[in-house]
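The lines below spell out each chain.
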Amino acid sequence: MALDQSFIGRTYPPSPAYEVSREKIREFADAVGEPSEIHRDPEAAKAAGYADVIAPPTFAILVSMKANEVLVMDPELGLDYTRVVHGDQTFTHHRPIQADDRLVVTTHVDAINSRMGNDIVSVRAEISTEQGEAVTTARSTLVARGTAAATEGQA
Amino acid sequence: MIRAADVTVGDTLPPLTLHITRADLVRYAGASLDFNPIHWNERFAQEVGLPGVIAHGMLTMGMAIRIVTAWTGNPGAVVEYGVRFGRPVPVPDNAEGALVEVTAKVAKLLDDGTFKIALTAAYEGKSVLGGATARVRLP
């Protein structure tokens, strides 16, 4: 079944704040094998010009994927989340995420397409501090495999 | 830390070889809170048509950018990073894991003073991250 095109341009209300901790940053850096002390030692981070330890470039996925659940699980959109795979992912950092940040996310539906039997939703998660400072823009496409088959050839 | 003045378009970054093991998948699942069973449950992965347990695309993405952060010396220099998730990376249940070869080169100096870096990541000679690029801002 094709997805409801009226969702294009929809914005979901801001997520509850995600509190970034030094320990989570260290844990994530360990998990991707990133050895930099700038993720672990506040003094090393200060020497590099940051107020506190900063997060690795893909850490924002923790914040954006959680926020995108509002869309994936929205029964009105009707995305079959059991068939959803991650098509692509881009992070644009307006500044690095750092320890003690309290981040809120506003999720936007930028596009909905059907291609080769797949429903493809382009999602933009705007991550900012509670005070409204822009931190990271996370763009992703979610691909529901095979769910658009019924409408294929009718477009 | 590398400086902009030391960089020329066309420069190749030192290559990176990743060995992604089952233990890495478990650790990344915990750190990222992505507990999809295709990344840790062989039976489930095969039931949904995969050859076996596969790496999180986000893990391959997160590990591959180390080729850039090791070069810049400052992970905060990465102001943008994007990939397409291509073919999956099956991770065998052995000590060596899946071997992923990562390369990168300086593709362009952009108008805003950042450098565009083009990355490749290959498993068994085939690309697993499509159109992978990063932008870095160097001192």
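Residues numbered from 1 in each chain as written. Chains lettered and ligands numbered in written order. Predicted model: local features only at pLDDT ≥ 70, side-chain atom pairs only at ≥ 80, totals over all residues.

Visitor: What is the right way to look at the overall build of chain B in this model?
Guide: Assigned secondary structure in chain B consists of four helices and six strands. Counting from the amino terminus, helix and strand elements in chain B follow one another as β-α-α-α-α-β-β-β-β-β. When the backbone C-alpha atoms are referred to their principal axes, chain B occupies close to 50 × 30 × 25 Å. Counting only residues that meet the buried cut, chain B has 41% of its 139 residues in that class. Counted over contacts in chain B with a minimum sequence separation of 6, partners at least 24 positions apart contribute 63%. (Helix = DSSP H or I, 4+ residues; strand = E, 2+ residues; numbered from the N terminus. Buried ≥ 20, exposed ≤ 12 C-beta atoms within 10 Å, placed from the backbone. Contact = placed C-beta atoms within 7 Å.)

Visitor: Please clarify how the confidence of the model for chain B should be interpreted in this entry.
Guide: The predicted coordinates should not be examined in detail at positions where pLDDT is low. Residues at a pLDDT of 70 or more form 100% of chain B, whose mean pLDDT is 97. Of the two predicted TM-score estimates for the complex, the pTM is 0.95 and the ipTM is 0.97. (pLDDT = per-residue confidence, 0-100.)

Visitor: Please clarify how the packing of helix 1 (residues 22–31) of chain A against helix 1 (residues 22–32) of chain B should be interpreted in this entry.
Guide: In a pair of packed helices, the angle between the axes and the distance between the axes together describe the arrangement. At a minimum axis distance of 9 Å, the contact between helix 1 of chain A and helix 1 of chain B shows a crossing angle of 150°. Judged on the interaxial angle alone, helix 1 of chain B and helix 1 of chain A are roughly antiparallel. Seen from above, helix 1 of chain A lies across helix 1 of chain B with left-handed handedness. Residues A:Glu27, A:Phe28, A:Asp30 and A:Ala31 of helix 1 of chain A form the contact with helix 1 of chain B, whose participating residues are B:Arg27, B:Tyr28, B:Ala31 and B:Ser32. (Axes fitted to C-alpha atoms, helices over the stretch in contact; angles between N-to-C directions. Parallel < 35°, antiparallel > 145°, perpendicular 65-115°, else oblique. Left-handed = near helix turned anticlockwise from the far one by under 90°.)

Visitor: How should I be thinking about the interface of chain B and chain A in this particular structure?
Guide: Accessible area lost when the parts come together is the quantity often used to give the size of an interface. Contacts between the two partners involve 25 residues from chain B and, on the opposite side, 27 residues from chain A. Elements represented by at least two residues in the side of chain B that touches chain A include exactly helix 1, helix 3 (57–64), helix 4 (66–72) and strand 2 (78–85) of chain B. The element contributing the most residues to the side of chain B that touches chain A is strand 2 of chain B, with eight residues. Among the residues making up the side of chain B that touches chain A, the classes are represented as 14 nonpolar, seven polar and four charged. Where strand 2 (residues 84–93) of chain A meets strand 2 of chain B, five bridges bridge the pair, whose relative direction is antiparallel. In the strand pairing of strand 2 of chain B, A:Thr92 is matched with B:Glu80. (Nonpolar A, V, L, I, M, F, W, Y, C, P; charged D, E, K, R; others polar. Pairing = 2+ DSSP bridges.)

Visitor: Even after reading the chapter, I still don't get the environment of B:Asn41, so can you show me in this structure?
Guide: Residue and element names in this part refer to chain B. The topology assignment puts Asn41 in the loop between helix 1 and helix 2 (42–47). Given 14 C-beta atoms within a 10 Å radius, Asn41 is considered partly exposed. With twelve residues separating them along the chain, Asn41 and Val53 place their C-alpha atoms 6.3 Å apart.

Visitor: I would appreciate a short explanation of the nonpolar core in the present structure.
Guide: For soluble globular proteins, the rule of thumb is that nonpolar side chains tend to be buried together. Formed by 79 residues in total, the largest nonpolar core has its most connected members in B:Ala64 and B:Leu119. Ranked by the residues each element gives to this core, the list is headed by helix 3 (residues 61–72) of chain A, at six residues. When sequence neighbours within four positions are dropped, the list of residues in contact with B:Ala64 reads B:Val102, B:Leu119, B:Ala121, B:Leu129 and B:Ala132. (Core = buried A, V, L, I, M, F, W, Y, C linked by C-beta atoms within 7 Å.)

Visitor: Help me understand unusual backbone geometry in this model?
Guide: Both trends apply: most residues other than glycine have a negative phi, and most peptide bonds are in trans. All names here are of chain A. The residue Asp100 is not glycine, and still its phi comes out positive at about 85°. Examined against the element boundaries, Asp100 turns out to sit in the loop between strand 2 and strand 3 (102–115). You can call Asp100 exposed: it has 11 C-beta atoms within 10 Å.

Visitor: Can you help me understand helix 1 of chain B in this one?
Guide: The α-helix winds at 3.6 residues per turn, so residues separated by three or four positions along the chain end up facing the same way. Listed in full, the buried residues belonging to helix 1 of chain B are B:Asp24, B:Leu25, B:Tyr28, B:Ala31 and B:Ser32. Along the long axis of helix 1 of chain B, the arc covered by the buried residues comes to 130°, so they all point the same way. (Arc of directions from axis to C-beta.)

Visitor: Explain the pairing of strand 3 of chain A to me, please; I cannot follow it from the model alone.
Guide: Two faces belong to every sheet, and in a regular strand the side chains alternate between them. All names here are of chain A. Across two bridges, strand 1 (residues 18–19) lies against strand 3 in antiparallel orientation. Across the sheet, residue Glu19 finds its bridge partner in strand 3, namely Arg102. Two strands pair when backbone bridges link them, and strand 3 and strand 4 (residues 118–129) are joined in this way by twelve bridges, in the antiparallel orientation. Pairing of Arg115 across the sheet is with Asn118, part of strand 4. Hairpin remark: strand 3 followed by strand 4, antiparallel, with two residues in the connecting loop; positive phi at Met116, about 50°.

Visitor: For this particular structure, what's the right way to read the environment of A:Arg83?
Guide: Residues and elements named next belong to chain A. Among the secondary structure elements, Arg83 is positioned in the loop between helix 3 and strand 2. Taking the number of C-beta atoms within 10 Å as the measure of exposure, Arg83 has 14 and is therefore partly exposed. The spatial distance from the C-alpha of Arg83 to the C-alpha of Arg145 is 5.6 Å, given a sequence separation of 62 residues. Arg83 has contacts with Ala144, Arg145, Gly146 and Thr147, leaving out every residue within four places of it along the chain.

Visitor: Just to check I follow, could you spell out the pairing of strand 3 (residues 98–109) of chain B for this structure?
Guide: All names here are of chain B. Relative to strand 3, strand 1 (residues 16–20) runs antiparallel, the two being bridged by five bridges. Within the sheet, the bridge partner assigned to Leu18 lies in strand 3 and is Val100. Looking at chain direction, strand 3 and strand 4 (residues 115–123) are connected through nine bridges and run antiparallel. Opposite Val100, over in strand 4, you have Tyr123 as the bridge partner. Connecting strand 3 to the antiparallel partner strand 4 that follows it, the hairpin turn spans five residues, and Gly113 within it adopts a positive phi of roughly 90°.

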